[in-house]
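An overview of the molecular structure
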Amino acid sequence: MKKRAAAIGAGVAAGAFAAGAVTRTVLRRRTDPHLQAELRDLPPDDLGHIESFDGTRIAVRAAGDPEAPVLLFVHGFSLDMTIWHEQWVDLSTDFRCVLMDQRGHGRSGPPAHGDLSLRAMGRDIAAVVDSVTSSTPALVIGHSLGGIASIAMAEQRPELFGSRVSGLVLVGASTDDLLTGMMGSLTGLLRRRPATLSTAMRRVDQVRKAIMASPGDVPAAAVRLTQFGPDAPPHLVDHIVQLTQRATSEVWTDGLAELMDIDLRHAVPRAVVPALVIVGEHDRVTPPASAIELAGELPDARLVVMSGAGHMPMLERPVELDREIRMFAKRVLKWPARSASARARKRTGS
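Residues numbered from 1 in each chain as written. Predicted model: local features only at pLDDT ≥ 70, side-chain atom pairs only at ≥ 80, totals over all residues. Heavy atoms only, no water.

Let's talk about the sheet that holds strand β2 (residues 57-63)
- Taken together, the eight strands give an open sheet; going across it, the order is β1-β2-β4-β3-β5-β6-β7-β8, and neighbouring strands pair in mixed fashion. If you trace the sheet from one side to the other, it starts and ends with β1 (45-51) and β8 (301-306), each paired once. Strand after strand, the sheet turns through a mean of 20° between neighbouring axes, direction not considered.
- Of the strand pairs in this sheet, strand β5 (residues 138-143) and strand β6 (residues 165-171) are connected by six bridges, and their pairing is parallel. From the neighbouring strand, H143 faces β6, where its bridge partner is V171. (Pairing = 2+ DSSP bridges. Helix = DSSP H or I, 4+ residues; strand = E, 2+ residues; numbered from the N terminus. Axes fitted to C-alpha atoms, helices over the stretch in contact; angles between N-to-C directions.)

Pasting the structure below:
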């Protein structure tokens, strides 16, 4: 526990130092406000809030034909459903795209009893699956925390796999020691090592707030360094900066502590459906080695490495990611992926 806590604090310290160095040496292009505004667009169908097992209210929105198979998108740590903008715009021509905000994130309610555990988040995903898949199968697509929570769903609700959940897409995910790839080699940077994981998390949150409140391009440089590949456009980086700034301290203390202390390797074999494991070539949070290990542990998995991407392939390489998801979904959901207009013509008989 002490070693892991030290790694977290060291990683943040190194990130802050490197962010300052990047800011001093790199002149960022100005962000495009129109492109940034597009990322904030939400799917048109507001499904309201779905009540989870403990009463936590989960915000859910959707786009696409309600009769089509469901693609359920689950975002990562300290983010919200807006990271899937390019996916729901593109893939909703063929599928019913359902997006949820995790408990304590975005438009969802605070966690009941302060429970930000991954097992609770897995049951939240299950609650949404129960609500939106009454007559159609679903493909669950999870990024980072969302992918790990999907594995937690396999532990908590294994009966859903093969019945209502037909496949998994895990983007930038791992099953234990999330962030070790980025932070594990930096433990020597802290002179004072926190004695407990909770102490380390409070320190992380303090550093996070200090970086996000820094003048100039320090916040963007820190996010670019940790989350993106080398050629990410500024408007994407700025969007993640804004989401990171909005995240609550509870997410960054209790939620991050849960991520750092979880080991769900025993639950992976329960995900008895085809899986697509995707990782960015430059992912520093869950490096390709973690994705290789995860794909090897899953009962039926294929690995894809996204060239040039970091931890955010859905933003950095949307065309390539959408192509992989579409081909995988067509296969596991046994859906022809016709255009929306073609399905409309079939329903009207024209």
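Observations concerning helix α13 (residues 318-333)
- With 16 residues, α13 extends 21 Å between its outermost C-alpha atoms, agreeing within 8% with the 22 Å of an ideal straight helix rising 1.5 Å per residue.
- Restricting attention to buried positions, one finds in α13 the residues P318, L321, D322, E324, I325, R326, F328, A329, V332 and L333.
- Remark: K334 follows α13 within two positions and exhibits a positive phi of approximately 55°. (Expected span 1.5 Å × (residues − 1). Buried < 20%, exposed > 50% of the residue type's maximum accessible area, 1.4 Å probe, protein only.)

What about the confidence of the model for the chain?
- Overall, the prediction assigns the chain a mean pLDDT of 83, with 81% of residues at 70 or greater.
- This stretch, residues 178-192, has a pLDDT under 50; its non-local contacts, to residues over four places away or in other chains, come to 37 contacts.
- Below pLDDT 50 for its whole length, residues 343-350 participates in eleven contacts with residues either more than four positions away or in separate chains. (pLDDT = per-residue confidence, 0-100. Contact = heavy atoms within 4.5 Å.)

A closer look at the packing of aromatic side chains
- Tallying each qualifying case throughout the model produces two aromatic pairs.
- Consider the rings of F73 and W84, whose centres lie 5.0 Å apart with planes at 50°: the pair is tilted. Here the residue F73 occupies a position in strand β3 (residues 70-74), and W84 occupies one in the loop between β3 and α3 (85-91), the gap between them amounting to eleven residues.
- A centroid spacing of 4.9 Å and a plane angle of 70° characterise the contact between F77 and W252, whose relative ring orientation is edge-to-face. Remark: W252 occurs in helix α10 (residues 249-261) and F77 occurs in the loop between β3 and α3; sequence separation between them is 175 residues. (Phe/Tyr/Trp six-rings, centres within 6.5 Å; stacked < 30°, edge-to-face > 60°.)

Regarding a negative patch on the surface
- Together, D32, E38, D41 and E86 make up a negatively charged patch on the protein surface.
- Structurally, D41 is set in the loop between α2 (33-39) and β1. (Patch = residues over 30% accessible without salt bridge, like charges linked within 9 Å, V, L, I, M, F, W, Y side chains within 5 Å. Areas by Shrake-Rupley, 256 points an atom, 1.4 Å probe, with all protein chains shown as cover. Salt bridge = Lys/Arg side-chain N within 4 Å of Asp/Glu carboxyl O. Lys, Arg positive; Asp, Glu negative; His and termini not counted. Charge placed at Lys NZ, Arg CZ, Asp CG, Glu CD.)

Thoughts on the environment of S174
- With respect to the secondary-structure elements, S174 resides in the loop between β6 and α6 (180-183).
- Relative accessible area serves as the criterion here: at 7%, S174 is assigned to the buried category.
- Sequence separation between S174 and L145 is 29 residues; the distance between their C-alpha atoms is 8.6 Å.
- What S174 contacts, discounting residues up to four positions off in sequence, is I148, T286, S290 and L294.

Focus on the pairing of β2
- Within β2, six of the seven residues are buried, which leaves the element mostly enclosed by the surrounding structure.
- Taken together, the five bridges between β1 and β2 define a ladder with antiparallel strand orientation. Considered in β2, the bridge of E51 is made with R57.
- Linking β1 back to β2 in an antiparallel pair, the connection comprises five residues, with G55 at a positive phi of about 95°.
- Inspection of the sheet shows β2 paired to strand β4 (residues 96-100) by four bridges, in the antiparallel sense. Each bridged residue has a counterpart across the sheet, and for R61 the counterpart in β4 is L99.

Observations regarding the pattern of salt bridges
- Under the counting rule described, the total for this entry stands at 15 salt bridges.
- Between R119 and E155 there is a salt bridge; the shortest N-O distance is 2.7 Å. Placement of R119 in helix α4 (residues 118-132) and of E155 in helix α5 (residues 145-156) is noted, with a sequence separation of 36 residues between them.
- Overall, the relative accessible area of 13% leaves E155 in the buried class.
- A salt bridge links D263 to R265; the shortest N-O distance between them is 2.4 Å.

Considering the packing of α4 against α5
- Between α4 and α5, the shortest axis-to-axis distance is 7 Å and the interhelical angle comes to 80°. Classed by the angle they form, the pair α4 and α5 counts as roughly perpendicular. Only L145, G146, I148, A149, S150, A152, M153, E155 and Q156 of α5 make contact with α4, whose side of the interface consists of L118, R119, M121, G122, R123, I125, A126 and V129.
- Its residues placed into classes, the contact of α4 with α5 shows ten nonpolar, four polar and three charged. (Parallel < 35°, antiparallel > 145°, perpendicular 65-115°, else oblique. Nonpolar A, V, L, I, M, F, W, Y, C, P; charged D, E, K, R; others polar.)

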